[in-house]
Amino acid sequence: MNLLPWLGQWAFAPMEWLVIGSAIALAYIVFGIAGFGTALVAAPILLLFMPLSKIVPLLVLLDFVAAFGNLLPSRRDVSRPELLRLLPCMALGCTLGVIFLLNLKSDLLLLLMGLFISCYAIYSLLIKTRPTQLSARWAFPMGTVGGMFGALFGSGGFLYAIYLNSRLPKDAARATQSALISCSTVVRLSLFIVAGVYAELPLLVLALCLLPAMALGLWVGRRLTMKMSREAFVRLVTWLVLASGLALIGRYLSA
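Residues numbered from 1 in each chain as written. Predicted model: local features only at pLDDT ≥ 70, side-chain atom pairs only at ≥ 80, totals over all residues. Heavy atoms only, no water.

Per an unreviewed UniProt entry, the protein carries the name Probable membrane transporter protein and comes from Pseudomonas kilonensis. Looking at the protein in UniProt, the text filed under Subcellular location (unreviewed entry) is "Cell membrane". (UniProt positions renumbered as here; feature names shortened; annotations may be inferred.)

See below:
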């Protein structure tokens, strides 16, 4: 079945499809390795073709499929106390983020996105040591801000990772993070549905067209985790993210 006629305004040229598909595949390679980060990688490229207010809901649809695929094999390692502690905070943050996303001007969102991913990349590159043991009280700010960043910019998972990695063993932290991101996608998906974002058929069709690129990225990412240092790969991607963030800031300033 040919879905392209249903794309309407987003009937991209072949080269544009190649760029978009490559961005999605690369984003989900990162997701397959780190468990988050799709928007940090894909959004700066997708912003060449569509506004951020459409990119985030698009990636939420794809994350919904990818996150549950990551969760199923590791669900027994999930820490329920930490999950239940973070969930209400994450839901509050997601609600605030969706409100901001749908009401802020697109040029301001462009600047905020550039600042957000640049600050995240600089933090990741400069901070070598992570907190060894955070108090449970950190669940509120980490969960709330993570949820807000997830809804507003499509990526708040790194905050969940900082909190969980300081409190749980590696496997339990990764499994709990996957569960939290799965719940986050459900919350964001529900909020976008209520807001009427998915009433636009081309957005749904575009997500369907990009599923193969997402699946390819996940497949490659899971195999890279077996053959390559996770830290080395994430560091390389972080440099790319920083370059993308600075490019977005430059694009805003030159507009």
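A. Highlighting a nonpolar patch on the surface. A cluster of nonpolar side chains, Leu-92, Leu-96, Ile-99, Phe-100, Leu-104, Leu-108 and Phe-140, forms an exposed patch at the surface whose accessible area comes to about 580 Å². Ranked by residue count, the leading element in the nonpolar patch is helix 4 (residues 80-103), at 4 residues. Secondary-structure assignment places Phe-140 in helix 6 (residues 139-153). (Patch = residues over 30% accessible without salt bridge, like charges linked within 9 Å, V, L, I, M, F, W, Y side chains within 5 Å. Areas by Shrake-Rupley, 256 points an atom, 1.4 Å probe, with all protein chains shown as cover. Salt bridge = Lys/Arg side-chain N within 4 Å of Asp/Glu carboxyl O. Helix = DSSP H or I, 4+ residues; strand = E, 2+ residues; numbered from the N terminus.)

B. Spotlight on the nonpolar core. If you look at the biggest cluster of nonpolar residues, it comprises 78 residues, and the most contacted ones within it are Ile-24, Tyr-28, Leu-52 and Leu-59. The leading source of residues in this core is helix 3 (residues 52-71), at 10 residues. Residues contacting Tyr-28, with those up to four places away along its chain left out, are Thr-38, Leu-59, Leu-62, Asp-63, Ala-66, Met-214, Gly-217 and Leu-218. (Core = buried A, V, L, I, M, F, W, Y, C linked by side-chain atoms within 4.5 Å. Buried < 20%, exposed > 50% of the residue type's maximum accessible area, 1.4 Å probe, protein only. Contact = heavy atoms within 4.5 Å.)

C. Main features of the packing of helix 7 (residues 157-165) against helix 8 (residues 170-194). It is the contact of helix 7 with helix 8, at a shortest axis distance of 10 Å, that shows an interaxial angle of 145°. Between helix 7 and helix 8 lies a crossing whose hand is right-handed. Residues Gly-157, Tyr-160, Ala-161, Leu-164 and Asn-165 of helix 7 pack against Ala-173, Thr-176, Gln-177, Leu-180, Ile-181 and Ser-184 of helix 8. (Axes fitted to C-alpha atoms, helices over the stretch in contact; angles between N-to-C directions. Left-handed = near helix turned anticlockwise from the far one by under 90°.)

D. Quick peek at the pattern of salt bridges. For the structure on display, the rule yields 2 salt bridges. Its salt-bridge partner being Arg-85, residue Glu-82 comes within 2.9 Å of it at the nearest N-O pair. Of this pair, Glu-82 and Arg-85 both sit in helix 4, 3 residues apart, which is roughly one turn of that helix. Note on Arg-85: relative accessible area 32%, which makes it partly exposed. Put simply, Arg-167 and Glu-82 hold a salt bridge, and the shortest N to O gap is 2.5 Å. Taken together, the residues Arg-167 in the loop between helix 7 and helix 8 and Glu-82 in helix 4 connect sequence positions 85 residues apart. Overlapping salt bridges, with partners in common, bring together Glu-82, Arg-85 and Arg-167 in one network.

E. Region of interest: helix 6. An ideal rise of 1.5 Å per residue puts 21 Å on 15 residues; helix 6 measures up with 20 Å between its terminal C-alpha atoms. Burial runs high along helix 6: 11 of the 15 residues are buried. When we look at burial in helix 6, the residues that qualify are Ala-139, Met-142, Gly-143, Thr-144, Gly-146, Gly-147, Phe-149, Gly-150, Ala-151, Leu-152 and Phe-153. Note on helix 6: the residue one or two positions beyond its end, Gly-154, has a positive phi of about 85°. (Expected span 1.5 Å × (residues − 1).)

F. Seen up close, the UniProt feature "transmembrane region" (unreviewed entry) in the protein. UniProt records the feature "transmembrane region" (unreviewed entry) for residues 20-48, 55-72, 84-102, 109-126, 138-163, 175-195, 201-220 and 232-253 in the present numbering. Here residues 84-102 runs as 100% helix and 0% strand, with 28 Å between its end C-alpha atoms. For residues 109-126, helix accounts for 100% and strand for 0%, while the C-alpha atoms at its two ends are 25 Å apart.

G. Structural context of the side chain of Ser-118. Residue placement: Ser-118 occurs in helix 5 (residues 106-126). A polar contact is formed between the side chain of Ser-118 and the backbone nitrogen of Leu-246, at a distance of 3.4 Å. Those residues in contact with Ser-118 that lie beyond four places of it in its chain are Leu-242, Gly-245, Leu-246 and Ile-249. (Polar contact = N/O pair within 3.5 Å; in protein donor to acceptor, adjacent residues only side chain to side chain.)

H. Quick look at the packing of aromatic side chains. In the structure shown here, the tally under the stated rule is 3 aromatic pairs. Relative to Phe-31, the ring of Tyr-28 lies with its centre 5.8 Å away and its plane at 50°, an arrangement referred to as tilted. Here Tyr-28 and its partner Phe-31 are both found in helix 1 (residues 14-34), 3 residues apart, which amounts to about one turn of the helix. Like Tyr-28, the residue Phe-31 is buried in the burial classification. Taking 6.2 Å as the distance between ring centres and 85° as the angle between the ring planes, the aromatic pair formed by Phe-192 and Tyr-198 counts as edge-to-face. We note that Phe-192, like Tyr-198, is buried. (Phe/Tyr/Trp six-rings, centres within 6.5 Å; stacked < 30°, edge-to-face > 60°.)

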